[in-house]
Each structure stands twice: as C-alpha cells, then as structure tokens.
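# Observations on the model geometry
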Amino acid sequence: MELLLLLVSLSAFRVSAEQEVENLSGLSPNPDRDIFVVRENGTTCLMAEFAVKFLIPYDVLALNGIDLITEQTSVSIPRGAQIAGKCGSSESELQISWINHAFTFLIFFSKEKRTMGSDGKAKETEVWKINKVQLVYDTSEATHFSNAYNPGKHTASTHRLSALVTPAGRSYVCSAQQTLTLISSDHQKGITVSMYDIQIQPFDIKSDFVFSEQYKCITDEREQLEQMLPLVLGLILGLIIVITISVYHFHLKLSAAQQPQLPRDRSLYKNM
C-alpha cells in the first residue's frame, strides 16, 4: 500500500513537473498588459500578451424595494492572477483566475485546415483561431458588485466563435481593440470583453519564450496605411512641384535662346 502511494505521488510530481505556467505580467512596461506563458516538457507551448477589460452588467434592487435596476462594473485582470493551461497539437487552452476564483477567464484555441481559393485555384492551408471565450464570475464579490441582487456565480460564453484567425506557425499581433460579446447565464445579459495590445501564439512555438513570425491584424495594417498616406502624398506633391519648377526653368532658358540678341554696339542697329 505504501509503495502504491509512493508511485502515485511520484506520478503526480512528474505530471506537475512536465507542465509549468508563469504569469510574467510584472515584466510588462504597460501596467494594463498581462503576459502569460504555458510550458510543457521544458518547452514553451503557449504564449499570450494582452490588455483586457470586462464590462459586466448586474442587477441591484431599486429604492422602492421592488424593481430591479441594471448596473455595470468594469473589471480587469490584476498582476497577481493565477493561471493554468493545456497544450495540444490541435487544441489549447488558457485559464486565468483572480480574487480567490471570483473571476475565471478562459480562452480556447483550435487548429484547422481551410481551403482558400485565388485565381481559380483552391489551396489548403492550416490556421489557428480562438473558437471559444468564457468568463465565470461571482456577483457575491462585493468590491465589483456592490449590493448585487440574488448574488451568485454566473458563466458567460461566446457562441460559434472564430476570432484571431492566423496562419499556423505564426503569432497574432494587434494593437487595435478587439471586442467580443459574451452571453451570460444571468438572464442572458451581454458582457463586453475588450482586448488590445495583443500578441498570442498557442501552437508551434519554435524558440523558448520567443514568439514566431508576426501576423498583423487588418485593423493595424489599415491604420499603418492611413498614417503613411499623408507622407506618401506629401512626397508625391513635392516631386510634382520640383518637376514643374524644373520644366518651367528649362522653358525660360529655351525661350531666351530662341529670341534675337540685340547688339551692344548701337552703330550696328542700322544693319538690323
């Protein structure tokens, strides 16, 4: 019996030793941005950096003691949050909990093959995406839910989500805000999840603690183009001005060369 217990203990120790989770948010220069790492067998298998805020509606009793009023609270992840995670070849998961598990934020990732066509030719490519986001919260937590009516735990989830679609082997990067709406078990209330300053990679990390090649979101690409457009237009306008001045200067020289030259000796005027 003692031998069996020893074997079970060793097995549990080996499993815990194979998987490590680290909250490195303290290394971020941005106090709102969190850094989470999941490692298995001594190798990084999931990395996530982002800032996130939750806008959660909840009910309070009106002054008449009969009607219900909906209030809203804003929640963010503190630096000391606890994390857990799972890594797989086609499915991964990140779990973040804080305030004694009054809040638990879960992100589920999946990898799949998609057929994309260009110029009439179909091509199969592998991508990863977020296929589900979930928030478990307890309105008994008085700091955020003051005077909540009928307090208790609720679960809010997305439905048929396909977000942050990224080519396999690359990390998703987006500075712009990405907004998701979760539907809560608390009378179907809508919870807003706003994420920004994102860099995530849940699969195929080649170097320990290092993201792979970046895949920028369309919003960032558009904003970068909008920022560069005035500079490009300014350069084009400047080039047009230089060309116009050069042509005008050349035209003046050509016109001057074609005009008859008056002799400086006035005695020669009679021969003209």
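Here goes a summary of the coordinates provided. If you're wondering where the values come from, they're calculated on a predicted model, not measured in any experiment.

### Digging into the state of the cysteines
- Counted under the stated rule, the structure contains two disulfides.
- The side chain of Cys-45 participates in a disulfide bridge whose partner is Cys-87; the two sulfur atoms lie 2.0 Å from each other. Across the S-S bond linking Cys-45 and Cys-87, the dihedral sits near 75 degrees, which makes this disulfide right-handed. Of this pair, Cys-45 sits in strand β3 (residues 43-61) while Cys-87 sits in the loop between β5 (82-86) and β6 (91-98), and the two are 42 residues apart along the sequence. Exposure class is identical for Cys-45 and Cys-87. Each is buried.
- Between the sulfur atoms of Cys-174 and its disulfide mate Cys-217 the distance is 2.1 Å. Between Cys-174 and Cys-217, the S-S dihedral sits near 70 degrees, and the bridge is therefore right-handed. Of this pair, Cys-174 sits in strand β11 (residues 171-174) while Cys-217 is found in the loop between β14 (214-216) and α2 (218-258), placing the two residues 43 residues apart along the sequence.
- For Cys-174, a relative accessible area of 0% gives the class buried.
- A relative accessible area of 5% places Cys-217 in the buried class.
- Sequence-ordered numbering of the bonded cysteines in the protein gives a disulfide pattern of 1-2, 3-4.

What counts, and where the lines are drawn
Residue positions are counted from 1 within each chain, in the order its sequence is given. Totals for whole chains, interfaces and linings use every residue, but because this is a predicted model, local features are given only for residues with pLDDT of at least 70 and side-chain atom pairs only at 80 or more, for both listing and counting. Only heavy atoms go into the side-chain values, all of them from the structure, while hydrogens and water stay out. When two cysteine sulfur atoms are found within 2.5 Å, that pair is recorded as a disulfide. Segments assigned H or I by DSSP are reported as helices when at least four residues long, segments assigned E as strands when at least two residues long, and all are numbered from the N terminus. Buried means the residue's accessible area, taken with a 1.4 Å probe over protein chains only, is under 20% of the maximum for its type, while exposed means over 50%, and partly exposed covers the values in between.

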